[in-house]
Amino acid sequence: MRPGEIVPGEGPAPAPLVSRRRTIRVRNNGRFPAYVGSHFPLVLASAALEFPRAGLEGARLDLPAGATARIDPGESVELTVVWT
């Protein structure tokens, strides 16, 4: 083995365990589209996004790694959040 070498293991990589899952409604009250990334802490999202922030500490959107959710101005969407 050389420094920096990656040796793949057998089978697929294990997925992280999800401790809780919840669906919330998010509304964009801003003038511009809002984007929230897959690993961004939801409670730190734009103040223009209206949703119940209490109890969402440590939550993130249930999206594939690197994906984002776009919420257009005036739009209201349902998103699933998870705690890992």
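Presented here is a report on the structure given in the accompanying data block. (Residues numbered from 1 in each chain as written. Predicted model: local features only at pLDDT ≥ 70, side-chain atom pairs only at ≥ 80, totals over all residues. Heavy atoms only, no water.)

### Quick notes on the pairing of strand β6 (residues 76–83)
With 8 bridges joining them, strand β1 (residues 20–28) and β6 adopt antiparallel strand pairing. The partner of V26 across the bridge, within β6, is V77. One ladder, built from 3 bridges, connects strand β4 (residues 59–61) with β6; its direction is antiparallel. For R60, the partnering residue across the bridge sits in β6 and is V82. (Pairing = 2+ DSSP bridges. Helix = DSSP H or I, 4+ residues; strand = E, 2+ residues; numbered from the N terminus.)

### Concerning the pattern of salt bridges
Under the defined criterion, the tally for this structure stands at 3 salt bridges. R21 is paired through a salt bridge with D62; the nearest N and O atoms lie 2.3 Å apart. Placement of the pair is R21 in strand β1 and D62 in the loop between β4 and β5 (68–71), with a sequence separation of 41 residues. The partly exposed category is assigned to D62, whose relative accessible area is 36%. Here E78 makes a salt bridge to R25, at a shortest N to O gap of 3.1 Å. Highlighted residues: E78 in strand β6 and R25 in strand β1, separated in sequence by 53 residues. (Salt bridge = Lys/Arg side-chain N within 4 Å of Asp/Glu carboxyl O. Buried < 20%, exposed > 50% of the residue type's maximum accessible area, 1.4 Å probe, protein only.)

### Looking at the side chain of S38
Take S38: it is sitting in the loop between β2 (34–37) and β3 (49–50). Residue classification places S38 among the buried positions, given a relative accessible area of 3%. At 2.9 Å, the side chain of S38 forms a polar contact with the side chain of H39. Not counting the four nearest positions on each side in its chain, S38 is found in contact with R60, L61, L63, P64, A65, G66 and A67. (Polar contact = N/O pair within 3.5 Å; in protein donor to acceptor, adjacent residues only side chain to side chain. Contact = heavy atoms within 4.5 Å.)

### Topic: the nonpolar core
Ranked by size, the top nonpolar core spans 17 residues in total, and within it V26, L42, L49, F51, L56 and V81 carry the most contacts. Contributing elements (two or more residues each) for this core: β1, β2, β4, β5 and β6. Take this core: its biggest share by element is 4 residues, from β6. Discounting residues that sit within four places of it in the chain, L49 has contacts with V26, R27, N28, A34, V36 and I71. (Core = buried A, V, L, I, M, F, W, Y, C linked by side-chain atoms within 4.5 Å.)

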